[in-house]
Amino acid sequence: MKKTILGLFLIGFMVQSYAQDQDKVLYKAKLNKEEMPVAIVENVSQDFPDLVVEEFDAVPLEFIDDNVIVDRSIESNNDYDTYQVILKGKNESLVATYNKDGKLISTVEHGKNVELPISVEDAVVKDFPGWVITEDHYKMIHYKNEKKMDRYKLNIKKGKDMKKVYFDASGNILKVHEENLMAKI
């Protein structure tokens, strides 16, 4: 099951990273709402009532014994087993992956300048005294009925030094990337 989740995670980011330039899209077929399985269209409106659908995509994935396989030989929209729906909200975007029967497999959500949990704010104050949050980004990866992971990326500054710090929802530091503003001049 871990391989399946990891595979979906990687494919989700791969598909999303190519979404901006349609000439580079390798792993999806853009569909109209009418071409999508009815169960998916109905479930999207129930699962995400506050978001607006931007795009429907068919993704050539097959699941065989907990393995994710990319099948580039799919010839028709009816042959797809996996679909992605790209949704937008005020300060967030979301990619939801469904199977052909309308079951939500996973979501990848991105938000910008969202309200941070107290645990993350407290961690910044405790672990980075004197540093100021200049911008926060929220990135949440959620696997329905499996595992939920919340991740926060913050840009912090103290004098001419800047850092990008990654936290989990409990305020644990996951990674720190340091930058010097003078090096950019």
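Let me begin by describing the structure that accompanies this report. (Residues numbered from 1 in each chain as written. Predicted model: local features only at pLDDT ≥ 70, side-chain atom pairs only at ≥ 80, totals over all residues. Heavy atoms only, no water.)

Right, let's get into the overall build of the protein chain. A tally of regular secondary structure across the protein chain gives three helices and eleven strands. Mapped from its N terminus to its C terminus, the protein chain presents α and β elements in the order α-β-α-β-β-β-β-β-β-α-β-β-β-β. (Helix = DSSP H or I, 4+ residues; strand = E, 2+ residues; numbered from the N terminus.)

The subject of this paragraph is the nonpolar core. Ranked by internal contacts, the top residues of the largest apolar core, which has 18 residues, are Met36, Phe48, Val85, Leu87 and Tyr98. Contributing elements (two or more residues each) for this core: strand 1 (29-31), helix 2 (38-47), strand 2 (52-59), strand 5 (82-88) and strand 6 (92-99). In this structure Leu87 touches Val44, Phe48, Leu51, Val52, Val53, Glu54, Glu92, Ser93, Leu94 and Ala96, once residues within four positions along its chain are discounted. In terms of nonpolar packing, the next biggest core, distinct from the first, is built from 13 residues, Met140, Leu154, Val165 and Phe167 among them. (Core = buried A, V, L, I, M, F, W, Y, C linked by side-chain atoms within 4.5 Å. Buried < 20%, exposed > 50% of the residue type's maximum accessible area, 1.4 Å probe, protein only. Contact = heavy atoms within 4.5 Å.)

What follows deals with the environment of Phe56. Relative to the elements of secondary structure, Phe56 occurs in strand 2. Of the residues examined, Phe56 reaches a relative accessible area of 7% and is grouped as buried. Taking the C-alpha atoms as reference, Phe56 lies 9.7 Å from Lys28; in sequence the two are 28 residues apart.

This next bit is on helix 3 (residues 118-127). Among all positions in helix 3, only Val120, Ala123 and Val124 are buried. The buried residues of helix 3 all sit within an arc of 100° when viewed along its axis, so they share a single face. Structural note: helix 3 exposes Ile118, Val125 and Lys126 on the side pointing more than 90 degrees away from its buried face. (Arc of directions from axis to C-beta.)

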